[in-house]
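Understanding the architecture of this molecule
Here's the letter readout for the chains.
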Amino acid sequence: MAAPASIESYKELMLFLATAGVVVPLFHRLKVSPVLGFLGAGALIGPYGLGRLTGQAPWLSWFTIQNSEEIGHLAEFGVVFLLFMIGVELSWERLRVLRRLVFGLGSLQVAVTSVVLGLIGGALGLSAAEAVVLGVALALSSTAIGVPVLAGAKRLGAPAGRASFSVLLFQDLAVAPVLFAIAVIGTSDGSGLAGPLALALGQAAAVLVVIVALGRLALRPLFQLVAATRSPELFMAASLLVVVGTGLAAAASGLSMALGAFVAGLLLAETEYRRAIEAMIDPFKGLLLGVFFVSVGMSLDASRLLAAPGPILVAAIGLIAVKVAITFGAARLLKLPAPVALESALVLAAGGEFAFVILGKAAALNLVPSSLAQDALLVATLTMIALPGLARLGRAAGHRAPTTVDPAVATEPEPALSEEPRVIIAGFGRVGRLVGDMLLRHDIPYVAIDADPARVAAERKAGRPIFFGDSANPEILRACGIEHARALVVTLDTSRSVEAVVSAARQERSDLTIVARARDARHATALYELGVDDAVPETIEASLQLSEAVLVDIGVPMGLVIASIHERRDEFRALLKGRDAAAPPVSEFRARRTVGKRA
């Protein structure tokens with residue numbers, strides 16, 4: 001007989017789920033980043049919050065977590081999944097398009113900010129190691145807050161949004177090597193770092209070569225095999241296996257789990273399964289990042305801020321001022337307009353989530369004192385709280401940006417698929433392929449989604465922009481850029497699947513143009529009720545094409561035939577849109593037309 005479950009064993013899990021269930025909806029309603037809510041909730045239920053009062057009120061122990069290490073391992077997976085998703089969202093195409101901003105502005109901002117902050121730390125009496133770690137940690141900005149703030153204000157596609165996104169992208173790329181360097185320095189005996197660092201870099205390079213080689217050989221066949229089963233559960237299991245497996249393999253080789261997961265994401269970014277994996281992993285990333293931020297909040301000692309608010313507030317304001325000045329100067333050096341440079345600088349002025357990771361790892365390795373790490377984390381948290389306000393100031397500056405942008409900036413196309421207005425084609429069989437060909441004839445970019453792995457693989461080899469996935473999955477539609485899409489064309493061959501895609505798409509965007517393939521007039525009426533802009537019944541279109549062919553063949557002028565076909569199509573569309581009951585068959589439409597003529 002199984003032993004009875006202990007409630008205390010599930011206390012941490014229940015507290016986190018309750019926190020997520022309250023924080024996310026509340027902060028979403030308040031239009032505030034849930035990251036700040038998770039940090040605040042962690043500080044509240046942690047040992048430095050209500051946990052301090054359990055001695056006077058023992059009943060509070062049911063609502064607090066005394067030992068933050070109890071969820072530390074789970075929180076670590078939040079960072080692992082975050083870096084995996086960063087890798088998946090990257091692509092060589094994106095890096096090539098944004099190379100000037102990513103590797104120019106991004107590297108300049110990180111390097112100069114790290115040096116300046118490190119020099120300030122050294123001037124304040126910190127050791128060289130402490131100053132370097134602190135400078136690098138606080139030089140990074142918040143991707144988790146900054147990108148949603150830009151997206152919510154529809155500024156990601158603006159010049160300042162692209163510049164900010166590029167710098168954040170470089171910072172994300174820099175995290176893995178920074179963590180690796182800290183691990184090497186922290187585990188060395190201090191008697192000369194050149195030898196241990198060179199050896200560790202050699203080992204890391206060898207491990208990464210093995211991971212990349214095995215990944216290129218195994219990942220695409222693995223997902224082809226799993227996708228052929230048409231089982232979402234197996235696809236999810238394979239996705240989680242890749243994330244956790246590569247992370248553990250890297251950790252066993254002396255690297256970090258996050259670095260291994262990042263490399264796996266990069267390998268999958270160029271495959272046709274990229275969007276499906278993003279949609280599958282994103283909920284796990286969100287929940288585990290919530291655990292991570294809760295654990296970070298639990299480690300924050302707010303009493304230090306209450307005991308000495310002046311120095312910490314001054315440090316936070318100083319950090320913002322230094323980062324704004326450096327980022328603005330770097331952007332102007334690369335000839336970005338002043339309003340664009342200022343908006344980007346304000347968006348990037350706050351600290352970021354990776355400061356918690358870097359400082360936490362450095363404190364665990366005794367590279368920085370825990371008290372210094374605590375103060376730095378409080379400074380980073382205060383600046384992150386101020387980020388939405390800083391972004392609003394930046395938008396006010398950005399709206400004054402000139403309409404003509406520097407040619408070196410303007411020649412770079414949009415950085416991300418999700419931000420580029422494309423037509424989405426759901427289903428890429430014969431009909432979908434023909435639609436894609438017609439769009440390309442008019443220089444209109446598109447992205448296709450199909451659930452047949454063999455078809456997707458073949459079309460990818462032919463160079464077509466197609467991804468594997470279920471078009472009715474809202475996460476897939478978001479990953480393929482439905483927020484900015486010009487239109488959605490649904491060409492699936494079953495009525496139920498077409499209706500599922502239309503319903504999902506209409507829930508995502510009420511203003512999206514949707515054109516759907518319909519089996520017959522009855523199905524077209526149902527699609528109009530679901531909100532499509534145009535439903536194309538196969539039976540009616542076939543009869544119209546036959547009519548056009550016979551009229552032209554018997555000598556009726558082409559212009560008159562085309563005009564009458566368009567008029568007849570409009571009549572059908574009006575009838576299909578206007579009926580409340582099931583649509584009649586084509587023969588009934590024909591009969592109505594005949595009666596109308598006789599009358």
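Note that the structure is predicted; figures quoted are calculated from it, not measured. (Residues numbered from 1 in each chain as written. Predicted model: local features only at pLDDT ≥ 70, side-chain atom pairs only at ≥ 80, totals over all residues. Heavy atoms only, no water.)

1. Looking at unusual backbone geometry
Backbone geometry at K335 places phi at a positive 70°, although glycine is not the residue there. The exposure class of K335 is exposed, given its relative accessible area of 58%. With phi around 65°, N366 is a residue other than glycine that occupies positive phi space. Relative to the assigned elements, N366 resides in the loop between α16 (353-364) and α17 (370-398). (Buried < 20%, exposed > 50% of the residue type's maximum accessible area, 1.4 Å probe, protein only. Helix = DSSP H or I, 4+ residues; strand = E, 2+ residues; numbered from the N terminus.)

2. Quick word on the sheet that holds strand β1 (residues 423-426)
In any sheet, the strands associate via hydrogen bonds between backbone groups, in a parallel or an antiparallel arrangement. If you walk across this open sheet you meet the six strands as β3-β2-β1-β4-β5-β6, and the pairing is parallel. Each end of this open sheet is capped by a strand with a single partner; those strands are β3 (466-468) and β6 (534-537). Averaged over all pairs of adjacent strands, the angle between their axes in this sheet comes to 15°, without regard to strand direction. By the bridge criterion, four bridges tie strand β4 (residues 487-490) to strand β5 (residues 513-518) in an arrangement that is parallel. The residue of β5 that forms the bridge with A487 is T513. Strand contacts of helix α24 (residues 538-553): β5 and β6, with the helix running at about 70° to β6, the strand carrying the most contacts. (Pairing = 2+ DSSP bridges. Axes fitted to C-alpha atoms, helices over the stretch in contact; angles between N-to-C directions. Contact = heavy atoms within 4.5 Å.)

3. Concerning the pattern of salt bridges
Going through the model one piece at a time under the given rule, you end up with 14 salt bridges. Among the ionic pairs, E538 bridges to R519, the shortest N-O distance being 3.7 Å. In this pair, E538 is assigned in helix α24 and R519 in the loop between β5 and α23 (521-530), connecting sequence segments 19 residues apart. (Salt bridge = Lys/Arg side-chain N within 4 Å of Asp/Glu carboxyl O.)

4. Some words on the packing of aromatic side chains
Between two aromatic rings, the relevant description is the distance of the centres plus the angle of the planes. Applying the stated rule across the entire model yields seven aromatic pairs. With centroids separated by 6.5 Å and ring planes inclined at 50°, the aromatic side chains of F235 and Y273 adopt a geometry described as tilted. In this pair, F235 is assigned in helix α10 (residues 232-252) and Y273 in the loop between α11 (257-269) and α12 (274-299), connecting sequence segments 38 residues apart. According to the relative accessible area criterion, Y273 is buried, its value standing at 0%. Taken together through their ring pairs, the aromatic side chains of F223, F235, Y273 and F468 make up a single cluster. Sitting above the plane of the F467 ring, R275 keeps its charged end 5.1 Å from the centroid. (Phe/Tyr/Trp six-rings, centres within 6.5 Å; stacked < 30°, edge-to-face > 60°. Lys NZ or Arg CZ within 6 Å of the ring centre and 35° of its normal.)

5. Considering the nonpolar core
One finds L105, F292, F354 and I358 to be the most contacted residues of the largest nonpolar core, which totals 85 residues. In terms of residues, this core owes the most to one element, helix α8 (residues 159-187), which gives 11 residues. Once residues within four sequence positions are removed from consideration, I358 is found in contact with V133, V136, A137, L140, V178, L179 and I182. (Core = buried A, V, L, I, M, F, W, Y, C linked by side-chain atoms within 4.5 Å.)

6. Observations regarding the packing of α23 against helix α25 (residues 558-578)
Contact pair α23 / α25: the axes reach a minimum separation of 8 Å and the direction vectors enclose 60°. Here α25 runs oblique to α23, going by the angle between their axes. α23 and α25 meet at a crossing whose hand is right-handed. Along the contact surface, α23 presents A521, A524, T525 and Y528, while α25 presents R573, L576 and K577. Within the contact of α23 with α25, the residues separate by chemical class into four nonpolar, one polar and two charged. (Parallel < 35°, antiparallel > 145°, perpendicular 65-115°, else oblique. Left-handed = near helix turned anticlockwise from the far one by under 90°. Nonpolar A, V, L, I, M, F, W, Y, C, P; charged D, E, K, R; others polar.)

7. Points about the side chain of S164
Residue placement: S164 occurs in helix α8. In terms of polar contacts, S164 uses its side chain to reach the backbone carbonyl oxygen of A160, at 2.9 Å. Apart from residues no more than four positions distant in its own chain, S164 is found in contact with L150, S344, V347 and L348. (Polar contact = N/O pair within 3.5 Å; in protein donor to acceptor, adjacent residues only side chain to side chain.)

8. Here's the deal with the pairing of β1
Side chains V423 and I425 project from β1 onto one buried face, and the interleaved I424 and A426 project onto a second face that is buried too. Note that the unit made of β1, helix α19 (residues 430-441) and strand β2 (residues 446-450) has a crossover that is right-handed. As defined by bridge partners, β1 adjoins β4 across four bridges and the pair is classed as parallel. What sits directly across from V423, in β4, is A487. (Right-handed = clockwise from strand over helix to strand, strands pointing away.)

9. Let's talk about the confidence of the model for the protein chain
In this model, the protein chain carries a mean pLDDT of 79, and residues with pLDDT of at least 70 account for 85%. Helix α18 (residues 407-410) is the least confidently modelled element of the protein chain, averaging 39 in pLDDT, while β1 averages 93, the highest of any element. Every residue in residues 401-418 is under pLDDT 50, and counting partners more than four places away or in other chains gives 35 contacts. (pLDDT = per-residue confidence, 0-100.)

10. Regarding the side chain of D450
Note that D450 resides in strand β2. What makes D450 buried here is its relative accessible area of 5%. Of the polar contacts made by the side chain of D450, one reaches the backbone nitrogen of D452; its length is 2.8 Å. Side-chain polar atoms of D450 contact the side chain of R455, separated by 3.0 Å. When sequence neighbours within four positions are dropped, the list of residues in contact with D450 reads G427, F428, G429, R455, V456, I466, F467, F468 and G469.

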